[in-house]
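So the chains spell out like this:
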Amino acid sequence: MLAQLLKPEIDELIQKKDWITLKDILDDVPAVDVAELLEDLEPEVAVVVFRLLKKSKAADVFTYLSSGKGVELLEVFSRQQLSDVMNNLEPDERVSLMEELPGHLTQRVLSSMDPENIAQVRRLLGYPPESVGRLMTTNYVKVREDWTIDEGFNHIRKYGRIAETVNVIYVVNEQERLIDDLKLNQLIVADPDSLIESIMDKSFEALSAFDDQEEAVRMLSKYDRVALPVLDSDGVLVGIVTVDDVLDVAEEETTEDMQLMAGMSALDNYYSQTKIVEMVRKRAGWLILLFMGQMFTVTAMAGFEDTLAAAAVLALFIPMIISSGGNSGSQAATLIIRAISTDDIKLKDWLTVLKRELLSGLLLGSILGIMGTVVISAWMVLRGEVFSYAVFMQALTVGSSLVGVVMFGNFSGAMLPFIMSKVGLDPAVTSAPFVATLVDVTGIIIYFSIAVFLLTGVVL
């Protein structure tokens, strides 16, 4: 909002080249809003505006830029600007940037950094992609258990300036293994002359550097922490993950799940930054697969061609039948996918879920089935037919089919996410279009099978 309010004034100052006034204004604008302003500027203009920022603020602004705009600026930065930005970024932010850089820029960016930061980036890049090791920062405060509280505070004052957070202080032994974490308020209220070990309970939660980043999201949410320590396989403290880092991961994971549930491959970048060719490639595969899946629906209908010829009115209700099954399946799939992703249910709970969804499917199907029987009977009478046993049986065929199709929709929508998780795939792959296609095929078979059973000797 602030960026939009300031934009006309900023544009006017840029046109007038009044850089002094612009610098004074930008000093008071939050970094995230400065980044939003830079997004709309041409690279050659944006780099001039960027030079007006203080070094520390410039690094903060850079972290809020989209990856595409960040790369644009890196292309036109001077060596000194490049060095100032890269050396003032947090370690995890450097790693995130390096992962997205095109090859020709990687070496130029690396060579602009201090030797210590280069070694740090290379070490973090050694962890698997999408792991906690790529996400963590090495800027934290650690103390020893045999120090006094006062010595601990002196250490915090000395190194707290470069730490990502001092809300949590980490206690390590001589081998750098984590033995406890302490909240800052525990130190504040303690006797300055007492030892740190006197306020320790040696109870803490920690992540492995090799854990998936989604595990960091889950644990920070579960334990309501602002930061969690990260350990290597020997229990040595190698970094921390903070809540602001995992918010980005959570947003990316949610976006990916939503795109998968829409029946497409997840985009590698923001929608606005994805080229049309890439967009088509991501969407075409699933559309082709779903199209081929619909051929099974055609094949199923062809198998009941004689039934359709004898009772053409049945064809009128096909969209109603298969859409009801697809809707119920999509509802079930969405509920179960979300429950699995939030750890509300585990894979071992599949039988409980199956029973719940079959029962709810029976109840929902019965509601639609009764309503369908009544409404279709009335509709057929209103269109000029005399209410008869044949009319009632046709309406009952639709109503009974609704019960079966909705039950199957619930069953498939609930069980497919479990199957996908069991084989190591993202349960979001069992998207609404995928479930709907499966229910379409089965719905046709259920509908016409019931029609043959109920209407033989009546209209067939």
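Above this text is the structure in question.
Source: prediction; values computed, not measured. (Residues numbered from 1 in each chain as written. Predicted model: local features only at pLDDT ≥ 70, side-chain atom pairs only at ≥ 80, totals over all residues. Heavy atoms only, no water.)

Help me out: how do you make sense of the overall build of the protein in this one?
Along the backbone of the protein there are 21 helices and six strands. Here the protein has a C-alpha radius of gyration of 31 Å; the compact-globule value for 460 residues is 23 Å, and the former is much larger. If one aligns the C-alpha atoms of the protein with their principal axes, the spans along those axes are about 95 × 65 × 35 Å. When the 460 residues of the protein are sorted by exposure, 47% land in the buried category. Put simply, the protein shows about 24000 Å² of open surface, and 59% of that area lies on carbon and sulfur atoms. Positive and negative side-chain charges of the protein, numbering 37 and 65 respectively, have mean locations separated by a distance of 2 Å. (Helix = DSSP H or I, 4+ residues; strand = E, 2+ residues; numbered from the N terminus. Rg over C-alpha atoms; globule rule 2.2 N^0.38 Å. Buried < 20%, exposed > 50% of the residue type's maximum accessible area, 1.4 Å probe, protein only. Areas by Shrake-Rupley, 256 points an atom, 1.4 Å probe, with all protein chains shown as cover. Lys, Arg positive; Asp, Glu negative; His and termini not counted. Charge placed at Lys NZ, Arg CZ, Asp CG, Glu CD.)

Would you mind going over the sheet that holds strand S1 (residues 142-144) with me for this structure?
Hydrogen bonds between backbone groups are what pair the strands of a sheet, and the pairing can be parallel or antiparallel. The sheet built from three strands is open, its strands ordered S1-S2-S3 with mixed pairing. The open sheet has two free edges, formed respectively by S1 and strand S3 (178-183), since each of these has just one partner strand. Averaged over all adjacent pairs, the angle separating strand axes in this sheet is 35°, with direction ignored. In this sheet, S3 lies alongside strand S2 (residues 168-172) in antiparallel orientation, the contact comprising five bridges. From the neighbouring strand, Tyr 170 faces S3, where its bridge partner is Asp 181. (Pairing = 2+ DSSP bridges. Axes fitted to C-alpha atoms, helices over the stretch in contact; angles between N-to-C directions.)

Quick question: what am I supposed to make of a nonpolar patch on the surface here?
A surface patch of nonpolar side chains, amounting to about 510 Å² of accessible area, comprises Ile 288, Phe 291, Met 292, Met 295 and Val 298. Structurally, the position occupied by Met 295 is in helix H16 (residues 276-302). (Patch = residues over 30% accessible without salt bridge, like charges linked within 9 Å, V, L, I, M, F, W, Y side chains within 5 Å. Salt bridge = Lys/Arg side-chain N within 4 Å of Asp/Glu carboxyl O.)

Can you walk me through a negative patch on the surface in this structure?
Residues Glu 130, Asp 212, Glu 214, Asp 244, Asp 248, Glu 251 and Glu 252 make up a contiguous surface patch of negative charge. The greatest single-element share of the negative patch, amounting to four residues, is contributed by helix H15 (residues 243-261).

For this particular structure, what's the right way to read the packing of helix H3 (residues 31-39) against helix H5 (residues 55-64)?
Helices that pack against each other are described as a pair by the angle of their axes relative to one another and the distance between those axes. Where H3 meets H5, the axes come as close as 8 Å, and the angle between the chain directions of the two elements is 60°. Taken together, the axis directions place H3 and H5 in an arrangement best described as oblique. When the axes of H3 and H5 are compared, the crossing they make is right-handed. Together, Ala 31, Val 32, Val 34, Ala 35 and Leu 38 of H3 and Lys 57, Asp 60, Val 61 and Tyr 64 of H5 make up the contact between the two elements. Of the residues belonging to the contact of H3 with H5, the class tally is seven nonpolar, no polar and two charged. (Parallel < 35°, antiparallel > 145°, perpendicular 65-115°, else oblique. Left-handed = near helix turned anticlockwise from the far one by under 90°. Contact = heavy atoms within 4.5 Å. Nonpolar A, V, L, I, M, F, W, Y, C, P; charged D, E, K, R; others polar.)

Looking at this structure, I do not really get the packing of aromatic side chains. What am I missing?
The geometry of an aromatic ring pair comes down to the distance between the two centres and the angle between the two planes. Summed over the entire model, instances satisfying the criterion amount to six aromatic pairs. A ring pair is formed by Phe 317 and Trp 379, whose centres lie 5.8 Å apart and whose planes are at 80°; its orientation type is edge-to-face. In this pair, Phe 317 sits in the loop between helix H17 (305-310) and helix H18 (318-341) while Trp 379 sits in helix H19 (residues 350-382), placing the two residues 62 residues apart along the sequence. Overall, the relative accessible area of 5% leaves Phe 317 in the buried class. (Phe/Tyr/Trp six-rings, centres within 6.5 Å; stacked < 30°, edge-to-face > 60°.)

Teacher, can you tell me more about the environment of Glu 72 here?
With respect to the helices and strands, the residue Glu 72 is situated in helix H6 (residues 67-76). On the accessibility criterion, Glu 72 (35% relative accessible area) is partly exposed. As a C-alpha pair, Glu 72 and Asp 193 span 121 residues in sequence and 54 Å in three-dimensional space.

How should the pairing of strand S6 (residues 237-242) be read in this particular structure?
Each regular strand shows side chains that alternate between the opposite faces of the sheet. A large share of S6 lies buried, amounting to six of its six residues. As paired elements, strand S5 (residues 227-231) and S6 share five bridges and run antiparallel to each other. Paired with Leu 228 across the two strands is Val 241, which belongs to S6. Linking two consecutive strands that pair antiparallel, namely S5 and S6, is a turn of five residues; a positive phi of about 85° is found at Gly 235 within it.

Function-wise, these values are silent; they only describe arrangement.
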